[in-house]
Amino acid sequence: MFGKKRSGPVIKTQYLKLHWDTEDPFVFASHHTDDYPKGNAQQAPPLHEIGGRNLGRDYKKNFGFRMYHGKVVPGFPMHAHWGYETVTIPETGFIDHFDSLGNQGRYGFGDVQWVSAGSMYLHDEMYPLAYDDRPNPNDITQIMINMPLRSKGTAPDVRIMWSENIPIIKRKDEGGKEYSIKVIAGSFDGTDAHPPNEISWAADEKNHVRILLIKMSPGSKAVLPTVSPTINRNLYFVEGGTVRLGDEEYETSQRFKLDGNADVTIVNGDAEGTYWLLEGEPIGEKMSSFGPVILDSDKSVREAMNFIRENEFDSWPWDLVDKFHPKGTGRFIRFSDGREERPPV
């Protein structure tokens, strides 16, 4: 729940949990951080560290990490998406990916995967402990963007944006203190992100969709310029000590609903600060959702859920629902037609 309404650029506040509340056009976000140990031959944690967990549904940190729905390798075995987009950013760690289109890959360490699931799309996302000589910490943020009704029912589309190609703006404030802004969607200060999938709500500039990862040195200052009186603008303070927004100081692990029609100055506190900015014009269409489906009506959602239950295993082209790549695999994506992309050398 949001806290009380405030004056100044901060309209409302909310403390963060594993899953973040969002506003239209965003529908959901989550932030996973886990201190995984050295991997064994199966790229999994040692048996004594996963014994006694509720494997298959482990969301409680034990030994500093969670297994989520994984039973050998942590992660999320085969599951459905339908009617929205998923932007996944592993700042630290790897994600192994297989999907119902026949695509597969491994990405991580700042890469971005953008999935547009206009119709039923199945994939698994596993977190391999790829290194056996050192720990395997991860830091993964996943952001889901709704699709307008005209785009629902379109064929799924998948792309990878390699970290080496994602623009990062590095600046110094008037006091010489540094901050950086990674532009994942939209533009900032004249720097454009790589274009998203063509059917995305973020593909049209007038929708003002922007996803930024902001990292600030102690005491640094950055300004979010005014955009539009109608956008939904939310800042997520995920790591650091304190921040000053307007005339008030706030602690870390909070979400701030901000005025999109005003310049907002972020004054970072005495620790390194990490922030996510999610903003955009709302789609504003009435929709219905349940589980992994967001469509136009309750009837459509029920029909879609029934279709998933009846067809998901027959639609899965792989031998395992929690499939991952062999030890030593590098970053790549291989599409169902045989095309392969890898990051620049």
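All values derive from a computational prediction rather than experimental measurement.

A. Representation of the pattern of salt bridges within the structure. Counted by the stated rule, this structure contains 20 salt bridges. Here Asp133 and Arg134 are joined by a salt bridge, their closest N and O atoms 3.0 Å apart. With a shortest N-O distance of 2.8 Å, Asp337 and Arg339 are connected by a salt bridge. Asp337 gets classed as exposed once you look at its relative accessible area, which sits at 53%. Within this structure, Glu91, Lys182 and Lys215 form a network of salt bridges that share partners.

B. Expanded view of the layout of surface pockets. Put simply, the largest pocket is a space of about 680 Å³. Of all the secondary-structure elements, those providing two or more residues to the lining of the largest pocket are strand E3 (26-36), strand E4 (75-81), strand E5 (84-92), strand E10 (136-146), strand E24 (288-290) and strand E25 (293-295). Sorting elements by how many residues they give to the lining of the largest pocket places E4 first, with five residues. Residues belonging to the lining of the largest pocket are distributed by class as follows: 15 nonpolar, ten polar and three charged. Taken as a whole, the second largest pocket encloses approximately 360 Å³ of empty space. As for the second largest pocket, its lining consists of 17 residues, of which Gly186, Ser187, Ala202, Glu205 and Val209 are closest to the centre.

How each quantity is defined
- Residues numbered from 1 in each chain as written.
- Predicted model: local features only at pLDDT ≥ 70, side-chain atom pairs only at ≥ 80, totals over all residues.
- Heavy atoms only, no water.
- Salt bridge = Lys/Arg side-chain N within 4 Å of Asp/Glu carboxyl O.
- Buried < 20%, exposed > 50% of the residue type's maximum accessible area, 1.4 Å probe, protein only.
- 1 Å grid on protein atoms, 1.4 Å probe; cavity = no way out; pocket = protein on both sides within 12 Å on 5 of 7 lines; lining within 4 Å.
- Points joined across faces, edges and corners; volume = space filled by probe spheres on them.
- Helix = DSSP H or I, 4+ residues; strand = E, 2+ residues; numbered from the N terminus.
- Nonpolar A, V, L, I, M, F, W, Y, C, P; charged D, E, K, R; others polar.

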